[in-house]
Amino acid sequence: MSLCAHLLAQEGRLDLDAPVAWYWPEFARHGKEAITCRMVLGHRAGVPALDGELAFDEIAAWKPVIGAIEELRPRWEPGTAYEYHGHVFGVLIGEVIRRITGLTPGAYFRQAAGDPLGLRAWIGLPAEEFEGRARLVEGEGRPEMPGPEHLLTRIVTMNGALVFPGVDVPHGWNDPALLGMELPGAGATASASGLAGLYAAAVTGIDGGRRLLTPATVADAVREVSSGQG
């Protein structure tokens with residue numbers, strides 16, 4: 001999603017320092033009118049997790065998540081503190097992309113990067129790619145997740161609608177229903193060469209070919225990460 005946002009900014013279609021509400025007016029509710037796309041990209045917008053609970057099918061449908069984000073109230077003054085925004089990050093930036101391009105984030109990613117570069121990388125894995133995919137396995141000695149009320153757990157599970165780490169259970173990370181939905185905060189799937197090719201294309205170009213981002217855009221993205229977590 002960060003790559004897609006910076007591509008649109010590079011083309012002059014997205015102003016990262018403009019309020020999100022310029023592109024998505026309903027987002028401004030409940031004190032969010034000053035939140036910019038750059039704050040979201042730096043995980044400093046103050047809206048790291050949903051407040052209410054949504055069912056798995058509602059998350060897959062997209063619009064219910066958009067409505068839930070519109071009703072969020074910032075947990076702190078936007079721009080003043082950092083907290084990982086997880087799935088809210090992906091859907092929030094994804095909706096801005098949809099408002100600008102008319103395409104869902106997965107479709108825009110394929111149009112802007114995946115298809116032109118021939119990359120096996122998707123936000124929403126096509127059904128024909130399910131067979132033969134690698135499977136997530138549990139890491140030995142992994143610490144237990146905190147309880148369901150903990151903010152980190154709420155962030156990564158969308159208040160319990162998803163299972164984390166969720167190896168071989170419904171709505172976990174081997175479930176075709178989850179892999180196939182457009183879940184832009186954490187739902188991208190790629191081959192190893194597809195992922196490496198995406199990063200290479202963004203920074204240097206693949207085999208001397210066209211690079212997706214200019215050096216100035218890459219530097220801008222690095223500054224965002226540094227300002228958010230520094």
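Look a little higher up for the structure.
K.L.:
Teacher, can you tell me more about the overall build of the protein chain here?
P.N.:
From N to C terminus, the protein chain includes eleven helices and two strands. Scanning the protein chain from its N terminus toward the C terminus, one meets helices and strands in the order α-α-α-α-α-α-α-β-α-α-β-α-α. Compactness check: the protein chain gives a C-alpha radius of gyration of 17 Å against a globular reference of 17 Å for 230 residues, within 12% of the reference. A total of 230 residues make up the protein chain; the buried ones form 47% of that total. Restricting to contacts in the protein chain with at least 6 residues of sequence separation, those with at least 24 account for 68%. Counting every atom, the protein chain has about 11,100 Å² of accessible surface; 56% of that belongs to carbon and sulfur.

K.L.:
Would you explain the packing of helix 1 (residues 2-10) against helix 6 (residues 86-101) in this entry?
P.N.:
The description of two helices packed together rests on the angle between their axes and the distance between the axes. Contact pair helix 1 / helix 6: the axes reach a minimum separation of 10 Å and the direction vectors enclose 35°. When you trace helix 1 past helix 6, the crossing you get is left-handed. Only Phe-89, Ile-93, Ile-97, Ile-100 and Thr-101 of helix 6 make contact with helix 1, whose side of the interface consists of Ser-2, Cys-4, Ala-5 and Leu-8. Residues belonging to the contact of helix 1 with helix 6 are distributed by class as follows: seven nonpolar, two polar and no charged.

K.L.:
So what exactly am I meant to see when it comes to the side chain of Glu-70 here?
P.N.:
Structurally, the position occupied by Glu-70 is in helix 5 (residues 63-70). Those residues in contact with Glu-70 that sit more than four places away from it in its chain are Trp-24, Glu-26, Phe-27, Arg-29, His-30, Lys-32 and Arg-99.

K.L.:
Explain the nonpolar core to me, please; I cannot follow it from the model alone.
P.N.:
A general trend in soluble globular proteins is that nonpolar side chains are found buried together. Of all hydrophobic cores here, the largest spans 56 residues; its most connected members are Leu-14, Val-20, Ile-69 and Leu-92. In terms of residues, this core owes the most to one element, helix 6, which gives eight residues. In this view, Ile-69 contacts Trp-24, Phe-27, Lys-32, Leu-50, Val-88, Val-91 and Leu-92; residues no more than four positions away in its chain are not counted.

K.L.:
Help me understand unusual backbone geometry, please; the structure alone is not making it clear to me.
P.N.:
Negative phi values dominate among residues other than glycine, just as trans dominates among peptide bonds. For the peptide bond that leads from Phe-164 to Pro-165, omega is 5°, which places it in the cis range. With respect to the helices and strands, the residue Pro-165 is situated in the loop between helix 8 (151-157) and helix 9 (176-179). We note that His-30 has phi near 60°; this positive angle belongs to a residue other than glycine. Among the structural elements, His-30 can be located in the loop between helix 2 (20-23) and helix 3 (37-41).

K.L.:
Please explain the side chain of Thr-153 as it appears in this structure.
P.N.:
With respect to the element layout, Thr-153 can be found in helix 8. Note on Thr-153: relative accessible area 8%, which makes it buried. A distance of 2.9 Å separates the side chain of Thr-153 from the backbone oxygen of Pro-146, its partner in a polar contact. Apart from residues no more than four positions distant in its own chain, Thr-153 is found in contact with Met-145, Pro-146, Gly-147 and Pro-148.

K.L.:
What's the story with the environment of Trp-24 in this structure? I'm lost.
P.N.:
Take Trp-24: it is sitting in the loop between helix 2 and helix 3. Separated by 79 residues in the primary sequence, Trp-24 and Leu-103 place their C-alpha atoms 14 Å from one another. When sequence neighbours within four positions are dropped, the list of residues in contact with Trp-24 reads Ile-66, Ile-69, Glu-70, Leu-92, Glu-95, Val-96 and Arg-99.

K.L.:
I keep staring at the pattern of salt bridges and nothing clicks. Help me out?
P.N.:
Close approach of charged atoms allows side chains with opposite charge to pair. Taken as a whole and judged by the stated rule, the model has twelve salt bridges. For Glu-70, the salt bridge goes to Arg-29, with nearest N and O atoms at 3.3 Å. Separated by 41 residues along the polypeptide, Glu-70 in helix 5 and Arg-29 in the loop between helix 2 and helix 3 bring together distant segments of the chain. Relative accessible area serves as the criterion here: at 9%, Glu-70 is assigned to the buried category. Using a relative accessible area of 36% as the deciding quantity, one classes Arg-29 as partly exposed. In this structure, Asp-115 engages Arg-110 in a salt bridge whose closest nitrogen and oxygen atoms are separated by 2.7 Å. Via salt bridges that share partners, Glu-26, Glu-95, Arg-98 and Arg-99 belong to a single interconnected network.

Cut-off values and rules
Residues numbered from 1 in each chain as written. Predicted model: local features only at pLDDT ≥ 70, side-chain atom pairs only at ≥ 80, totals over all residues. Heavy atoms only, no water. Helix = DSSP H or I, 4+ residues; strand = E, 2+ residues; numbered from the N terminus. Rg over C-alpha atoms; globule rule 2.2 N^0.38 Å. Buried < 20%, exposed > 50% of the residue type's maximum accessible area, 1.4 Å probe, protein only. Contact = heavy atoms within 4.5 Å. Areas by Shrake-Rupley, 256 points an atom, 1.4 Å probe, with all protein chains shown as cover. Axes fitted to C-alpha atoms, helices over the stretch in contact; angles between N-to-C directions. Left-handed = near helix turned anticlockwise from the far one by under 90°. Nonpolar A, V, L, I, M, F, W, Y, C, P; charged D, E, K, R; others polar. Core = buried A, V, L, I, M, F, W, Y, C linked by side-chain atoms within 4.5 Å. Polar contact = N/O pair within 3.5 Å; in protein donor to acceptor, adjacent residues only side chain to side chain. Salt bridge = Lys/Arg side-chain N within 4 Å of Asp/Glu carboxyl O.

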